[in-house]
Amino acid sequence: MKILKSEIKLCLSCMEEHEVNIVEVIENEGFKGVEVEFPAIYEHCVISDEYLANEEMIRANNLAVKDAYREKTGLLTSREIIGVREKYGVSQKDLAEILDWSMATITRYENHQVQDRAHDDILRKIDVDPQWFLEMLKRAKDKLSTKAYAYYHRRASQHCRSQKNQYLIASIRAIYADLDNAESTGFVELNLNKVIAVINYLAQQVNDLYKVKLMKLLWYSDALHFKRHGRSITGLAYCALPMGAVPEGHEQIMMLEGVNYEVFLYDNIAYKFIPAPGFEAKCLDADELNAIDRIVGEFGALSTQQIIDKMHDEEAYKCTDSRCIIPYSFAARLSID
Ligand SMILES: [Zn+2]
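The rules behind the values
Sequence positions are assigned chain by chain, starting from 1 and proceeding in written order. Only residues with pLDDT of at least 70 get local features here, since the model is predicted, and only at 80 or more are side-chain atom pairs given and counted; chain-wide, interface and lining totals rely on the full set of residues. Note that water and hydrogens are dropped before the side-chain values are worked out from all heavy atoms of the structure. Between any two strands, pairing holds if DSSP finds at least two bridges. Labels follow the DSSP assignment, with helices taken as runs of H or I lasting at least four residues and strands as runs of E lasting at least two, numbered in each case from the N terminus. The axes used here are C-alpha line fits, helices contributing only the stretch in contact, and every angle between their N-to-C directions lies in the interval 0 to 180 degrees. Note on definitions: a residue-residue contact is assigned when non-hydrogen atoms from the two residues lie within 4.5 Å. Note on donors: an N, O or S atom is included if it sits within 2.8 Å of the metal, or within 3.2 Å for Na, K and Ca, and water is never included, so sites can look incomplete. Think of it in three bands: residues with accessible area under 20% of the maximum for their type are buried, residues over 50% are exposed, and the middle band is partly exposed, with areas taken using a 1.4 Å probe on protein chains only. Helix span is expected to be 1.5 Å times the residue number reduced by one. Polar contact criterion, stated in full: a pair of N or O atoms within 3.5 Å, where within protein one must be able to donate a hydrogen and the other to accept it, and residues adjacent in sequence count only if both atoms are side-chain atoms.

Draft legend 1. Seen up close, the pairing of strand S2 (residues 17-31). Both strand S1 (residues 2-10) and S2 contribute to a ladder of eight bridges, which runs antiparallel. Pairing of lysine 9 across the sheet is with histidine 18, part of S2. In this structure, the hairpin formed by S1 and S2 is closed by a connection of six residues, where methionine 15 is found at a positive phi of approximately 60°. Direction of pairing for S2 relative to strand S3 (residues 34-45): antiparallel, over a ladder of 11 bridges. Looking across to S3, one finds that glutamate 27 is bridged to phenylalanine 38.

Here it is in C-alpha cells:
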C-alpha cells in the first residue's frame, strides 16, 4: 500500500473527522477471461482499517482494469489513444468523423470501452503514418468545419515533413556508413547540422548560388579547412564527377529541413539556394567561418563554368579517378591557402 496523500476531513468509513489517507493498492481482477494486475486508488480509514472508493475513484479503478487488460493483450491503452489523437490536435468527435466511426467511439475508447483489434490497428497506423492520416482527413473534408480541417491538415503535414526528414537523415547515414575510410570524410564524422549551416552561410554570402556552384564551394571550404587544420568542417565525402566535386548523398542533403531553394526553369531545372529565414551560423567556429570566407572571397563571384574550370585544374580532381571519392590528403596541394 502506497500513501499518495493525507488530509483531515470527514471520513465516510467511520463518520468521524480525522486524517484520511488516499492510498494506492495493487489489485488483481479477471477481465474478459484474463487475470490482470492494476493499481487501485482508495480512501483508507486508519481507525476502522476500511477502504472506500468515491465515485471518481471507482471510475479511475475501472479504467485501470481496462488499461491493464489492454496492456497485457497488446492493445493501445486509453492514454496512448489520447496521445494518438493529440498528435494531430483532433477532437474526439472529429477523429470519429475522419475514421468514419460512430460518433462516440473515440470517446468510449479513451475511457472504459476496450477497442477491438481492427480499430486498434487503425489507430496505430495513424500514429506512425501521417501521410495515411492526411488521406483519411481529405476524404472527410466535407464533414469537418473549414477551420478545423485547415488546422488538422497543417498538423498532419508537419508530421509528414518531419518523418520525411528522418528518412532522409537515415538514408544519408546509410550512404556514409559504407565509407570505411576516415580520410574520405576528412577525419570528421558527418555532421548534418554543420552541412546545413555551411549551405545557409554560403547562400547568405553569395548571390545567385546555384547547385553546381554550391557543391564546389562546399568542397573548397572543407578542403581548405582540412589543409589548414587537418580535418574537414562537415565530414562530407566528395565524389569526382565530370562537373567537379559533389558530396555523397547530395540529392538527399538538398531536401533536408533547413535547406531552402527556389526552382527556376531555364534550359533545364535550376536550384537557387537561399538562406533560411533568421539563419545564424552558430554551430560554425571562427576557423571554419574563416575558411569559408576565404573561399567566398576567392570564388564567390565566379560563374558556374569558371568554378568548374578552377576545379578541373585542382590536383585533387586530376588525380582522382572519375566517380571515385576525392581523398582529403590532396588538400595539401589545393590552389588556395
Ligand atoms: Zn475513519
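Draft legend 2. Representation of the sheet that holds S1 in the model. With antiparallel pairing, the four strands of this open sheet are ordered in space as S1-S2-S3-S4. The open sheet has two edge strands with one neighbour each: S1 and strand S4 (50-52). Neighbour-to-neighbour, the strand axes of the sheet open up by a mean angle of 45°, direction not taken into account. Sheet contacts for helix H1 (residues 55-72): S2, S3 and S4; angle to S3, the most-contacted strand, approximately 160°.

Draft legend 3. Representation of the coordination of the zinc ion within the structure. Protein coordination at the zinc ion comes from Cys11 (SG), Cys14 (SG), His18 (NE2) and Cys45 (SG), with a distance range of 2.1 to 2.3 Å. For the zinc ion, the donor residues sit on a single chain with the sequence spacing C-x2-C-x3-H-x26-C. Of this pair, cysteine 14 sits in the loop between S1 and S2 while cysteine 45 is found in strand S3, placing the two residues 31 residues apart along the sequence. With relative accessibility at 0%, the residue cysteine 45 sits in the buried group.

Draft legend 4. Representation of unusual backbone geometry in the model. A positive phi angle is found at lysine 32, which is not glycine, with a value near 50°. Topologically, lysine 32 is positioned in the loop between S2 and S3. One non-glycine residue, aspartate 49, lies in the positive phi region at around 50°.

Draft legend 5. Structural context of H1. In this model, H1 (18 residues) spans 26 Å end to end at C-alpha, consistent with the 26 Å of a helix rising 1.5 Å per residue. For H1, every residue scored as buried is listed here: Met57, Asn61, Ala64, Val65, Lys66, Asp67, Ala68, Tyr69 and Arg70. In this structure, the buried residues of H1 make contact with S2, S3, S4, helix H2 (78-87) and helix H4 (105-109). Where H1 begins, one side-chain oxygen reaches toward the backbone nitrogen of glutamate 56, 3.1 Å away; that side chain belongs to asparagine 54. Directly after H1, the chain includes glycine 74, whose backbone phi takes a positive value near 75°.

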